[in-house]
Amino acid sequence: MKSPPQDHLITPYFSYADDTEYSIQPIRWLLRPISVWPVSSIKERILSAVLLIVCVFLIAGTLVPCALAIFLDQNKDVETKVRDFGPLSNWVLASLKYCSLLSHVGDIRRCLEHVDADWRAVTKHEDREMMLRNAKIGRFIALFAALFMHSGVFSYSIFQAMTMNESVLGDNASMHSLPFAFYDKILDTTTSPTYEIVFIMQFLSTFVVNSVAVSTVSLIAVFVMHACGQIKILISLLENFVDETSEKWENSTQGKYAVIVEHHLRVLSFVSYIDKITNIICLVEVMGCTLHMCLLGYYCIMDWTQGDKESIVSYVIILISVTFNIFIFCYIGEILSEQCGQIGDTAYMTNWYLLRRNNAVGFVLIILKSNVVVKITAGKMIELSLSTFGDVIKSAVAYLNIFRTLVT
């Protein structure tokens, strides 16, 4: 992992371009290949449009044949269709998240401009170090999520491709199965090179779907951790607001009010943009993770009863990946809520009562505004927190019991 830029000079001026790049680099790596990264030049727009067409084709090229195979293929039994429904639901939910990301490219651009402006405004070495620490956490979450989630789904795809199909060809030779279901009325995948072409297309489609899932995690992680860095700077301003021993400070109270209020409003505006970008994505993620944890648990139970312990490994890897994904969303939401709550506590714990009457009344307004805790929500309905993560786990287990009862 790239180490954060170092600046040991005692100067109020920093290389904000390097700091900004360090902060947003992971999401650029992830958003650019799926055509979600904001672009400006004509050349970049053309390339982005080509990437968008390719990504849509790859997603549809796996989703549509898989759906047709589940709903129209009469040769598949119920158990096989239930197994194929898991990947299909993943592709459908990824398509919804992809559409949501594409519809908020303008808001993503505003957030990136906001991040750049915040790095430009840094004048203190302590503030820069505080922002770098939060940027480092955001980078770690983004890169770790990319490694973990890609390895989970790709391991499943490779394992599925290595298993032999139960059907027997005319020459009594077995063939490798595809990672995901494919409707054989569209193409005959039992022949070469049709099988290889469909396999490569599904493999590339898996990369696109994984990139969408990882991009959503990375986007919220990088932006929320940047917001937490700004909140910590605001808390530092509040802690140093009152100095009863300095008469000179008392004369500059109005200027310090302006700095705190402006900084607080910028943080609230930035978080509102984050929630606007991610609230639909988070709703899809909560629903999707609940569904996938239920299905994966059912697959593990079926394989265990049938003695197919090799398949359990791939399902457990994906289950851990899905659980990690929803945990990151909830954990990041918990961190942001906790940091916002500290603003009001810090404002109240300052010695604001030592100010002159007019100044004290102004500071009370700051305390009242600081008590507004901004939260990341799923569809403006569900607050993302660690308690939400527990609710998702309990709901998945409950649905698993109901699903087992219905299927059996």
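Residues numbered from 1 in each chain as written. Predicted model: local features only at pLDDT ≥ 70, side-chain atom pairs only at ≥ 80, totals over all residues. Heavy atoms only, no water.

Peer 1: Whenever I open this one, the overall build of the protein chain confuses me. Can you help?
Peer 2: Helices and strands together make up the secondary structure of the protein chain, namely 11 helices and two strands. Among the 408 residues that make up the protein chain, the fraction classed as buried is 51%. For the protein chain, long-range pairs separated by at least 24 residues make up 76% of all intrachain contacts whose partners lie at least 6 apart in sequence. (Helix = DSSP H or I, 4+ residues; strand = E, 2+ residues; numbered from the N terminus. Buried < 20%, exposed > 50% of the residue type's maximum accessible area, 1.4 Å probe, protein only. Contact = heavy atoms within 4.5 Å.)

Peer 1: Mind showing me how you'd approach the packing of helix α6 (residues 194-239) against helix α9 (residues 309-349) here?
Peer 2: A pair of packed helices is characterised by two quantities: the angle between their axes and the separation of those axes. It is the contact of α6 with α9, at a shortest axis distance of 10 Å, that shows an interaxial angle of 15°. In terms of orientation, α6 lies roughly parallel with respect to α9. Helix-helix and strand crossings are classified by hand; for α6 and α9 the assignment is left-handed. Class assignment of the residues belonging to the contact of α6 with α9 gives a composition of 18 nonpolar, five polar and two charged. (Axes fitted to C-alpha atoms, helices over the stretch in contact; angles between N-to-C directions. Parallel < 35°, antiparallel > 145°, perpendicular 65-115°, else oblique. Left-handed = near helix turned anticlockwise from the far one by under 90°. Nonpolar A, V, L, I, M, F, W, Y, C, P; charged D, E, K, R; others polar.)

Peer 1: What should I look at first to understand the packing of aromatic side chains in this one?
Peer 2: Aromatic ring pairs are described here by two measures, namely the spacing of the ring centres and the angle between the planes. In total, this model carries 10 aromatic pairs according to the counting rule given. Taken together, a centroid distance of 6.2 Å and an interplanar angle of 20° make the contact between Tyr 195 and Phe 199 stacked. Here the residue Tyr 195 and the residue Phe 199 both occupy positions in helix α6, the gap between them amounting to four residues, near one helical turn. The exposure class assigned to Tyr 195 is buried, which follows from its relative accessible area of 14%. Since its relative accessible area comes to 24%, Phe 199 is described here as partly exposed. With a centroid separation of 5.3 Å and 75° between ring planes, the pair formed by Phe 327 and Phe 389 is classed as edge-to-face. Taken together, the positions of Phe 327 in helix α9 and Phe 389 in helix α11 (residues 386-407) put the pair 62 residues apart, joining distant regions of the chain. Residue class for Phe 327 comes out partly exposed when judged on its relative accessible area of 31%. (Phe/Tyr/Trp six-rings, centres within 6.5 Å; stacked < 30°, edge-to-face > 60°.)

Peer 1: Help me understand the nonpolar core, please; the structure alone is not making it clear to me.
Peer 2: As a rule of thumb, nonpolar side chains are buried together in soluble globular proteins. Judged by nonpolar contacts, the single largest core of 113 residues is most densely connected at Ile 27, Phe 223 and Leu 336. Leave out the neighbours within four places in its chain, and Ile 27 touches Arg 32, Trp 37, Leu 112, Ser 218, Leu 219, Val 222 and Phe 223. (Core = buried A, V, L, I, M, F, W, Y, C linked by side-chain atoms within 4.5 Å.)

Peer 1: I'm lost on the side chain of Thr 216 in this one. Help?
Peer 2: Its place among the elements puts Thr 216 in helix α6. Under the relative-accessibility criterion, Thr 216 is labelled buried at 3%. Setting aside residues no more than four positions away along its own chain, Thr 216 makes contact with Lys 97, Leu 101, Ile 281, Glu 285 and Phe 329.

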